[in-house]
Structures are given as C-alpha cells and as structure tokens.
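# Survey of secondary and tertiary structure
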Amino acid sequence: MLKIKLALLLVVVLTVPSFAQTSQDTATIEGVMKAYYEGVSGPPGKRDANRILNLFAPGGKIKIDLSGDIPQHAIAKDYLYTESFLTISTDFFEREISR
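Anyway, here's the lowdown on the structure attached to this text.

Rules used in this analysis
- Residues numbered from 1 in each chain as written.
- Predicted model: local features only at pLDDT ≥ 70, side-chain atom pairs only at ≥ 80, totals over all residues.
- Heavy atoms only, no water.
- Helix = DSSP H or I, 4+ residues; strand = E, 2+ residues; numbered from the N terminus.
- Buried < 20%, exposed > 50% of the residue type's maximum accessible area, 1.4 Å probe, protein only.
- Areas by Shrake-Rupley, 256 points an atom, 1.4 Å probe, with all protein chains shown as cover.
- Phe/Tyr/Trp six-rings, centres within 6.5 Å; stacked < 30°, edge-to-face > 60°.
- Pairing = 2+ DSSP bridges.
- Core = buried A, V, L, I, M, F, W, Y, C linked by side-chain atoms within 4.5 Å.
- Contact = heavy atoms within 4.5 Å.

### What about the overall build of the protein?
- Along its length, the protein carries five helices and four strands.
- Secondary structure elements of the protein occur, N-terminal to C-terminal, as α-α-β-α-β-β-α-α-β.
- Burial analysis of the protein (99 residues in total) assigns 20% to the buried set.
- Total accessible area on the protein is roughly 7,600 Å²; 63% of this is exposed by carbon and sulfur atoms.

Written as structure tokens, this is what we have:
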C-alpha cells in the first residue's frame, strides 16, 4: 500500500510542473509568443518540441518552407518530432520584430 501511495505522489509531483508551465505558456498572447521563441531558439542541440506543440491546436500546421512557388506546410506534430528539428546543428534564434 505504501508503494502505491508513493507511486501516486511521484506521478503528481512530476506532472504538476509541466502543467503549470503549459498553462502559463498559453494564458496570454505574450505567453504564447515567449514560449514559441524560447522553444525554437537556442544553440546547437535539442529543441523543446513538447512545449511548442502545446501551443498548437490538434492538427495545427506550421509554415516551414517559402522557397518555392507554393508555401509548403507540415502538421506541427509531424514536423516538431523530426530528427532535423530536434537536433539543430547550428545556432538558431528567432525574435519578434513586430506585432
């Protein structure tokens, strides 16, 4: 019985911080923008795909290529978990220039 209580306590402790961050990220427009820029920006290495995905509606699309005649889009969930996104090999920082 003690093991079950400890397991439940562990689940609660591990899920509360992620829920708190998610609700803070989506509580305001400023929060959404901040979470997006923090999620995609950084030095070489991993990006926070889970945090970014929480900003999209199910089936939401993300624009990824404007080089051709027709803009190419991908479902956010599919794109954010690709190896090329998760392990960007160069510095990549986005910042807001206007709203």
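There is more to say, and it comes next.
### Quick word on the packing of aromatic side chains
- Tallied over the full model, the rule gives two aromatic pairs.
- Seen in terms of ring centroids, Tyr 36 and Tyr 37 are 5.8 Å apart; in terms of plane orientation they differ by 65 degrees. Their pairing is edge-to-face.
- Ring geometry for Tyr 79 against Phe 85: centres 5.6 Å apart, planes inclined by 55 degrees, an arrangement best described as tilted.
- Its relative accessible area of 25% is what places Tyr 79 among the partly exposed residues.
- With a relative accessible area of 6%, Phe 85 lands in the buried category.

### Concerning the pairing of strand E3 (residues 72-75)
- Where strand E2 (residues 61-65) meets E3, four bridges bridge the pair, whose relative direction is antiparallel. Counted as the bridge partner of Asp 65 is Gln 72 from E3.
- Here E2 folds back onto E3, and the loop between the two strands holds six residues.

### Describing the nonpolar core
- Core analysis: the biggest nonpolar cluster contains nine residues, these being Val 40, Ala 49, Ile 52, Ile 62, Ala 76, Leu 80, Phe 85, Leu 86 and Ile 88.
- Counting only elements with at least two residues in this core, the list comes to helix H3 (49-53), helix H4 (76-80) and helix H5 (83-86).
- Sequence-distant contacts of Ile 62, defined by excluding residues within four places in its chain, comprise Tyr 36, Phe 56, His 73, Ala 74, Ala 76 and Tyr 79.

### Let's talk about the environment of Pro 58
- By the element assignment, Pro 58 lies in the loop between H3 and E2.
- Taking C-alpha positions, Pro 58 is 8.3 Å from Lys 77, a pair spaced 19 residues apart along the chain.

### Some remarks on the environment of Lys 61
- Structurally, Lys 61 is set in strand E2.
- Spatially, the C-alpha atom of Lys 61 lies 5.5 Å from that of Ala 74, the residues being 13 residues apart in sequence.
- Setting aside chain neighbours within four positions, we find Lys 61 in contact with Phe 56, His 73, Ala 74, Ile 75 and Ala 76.

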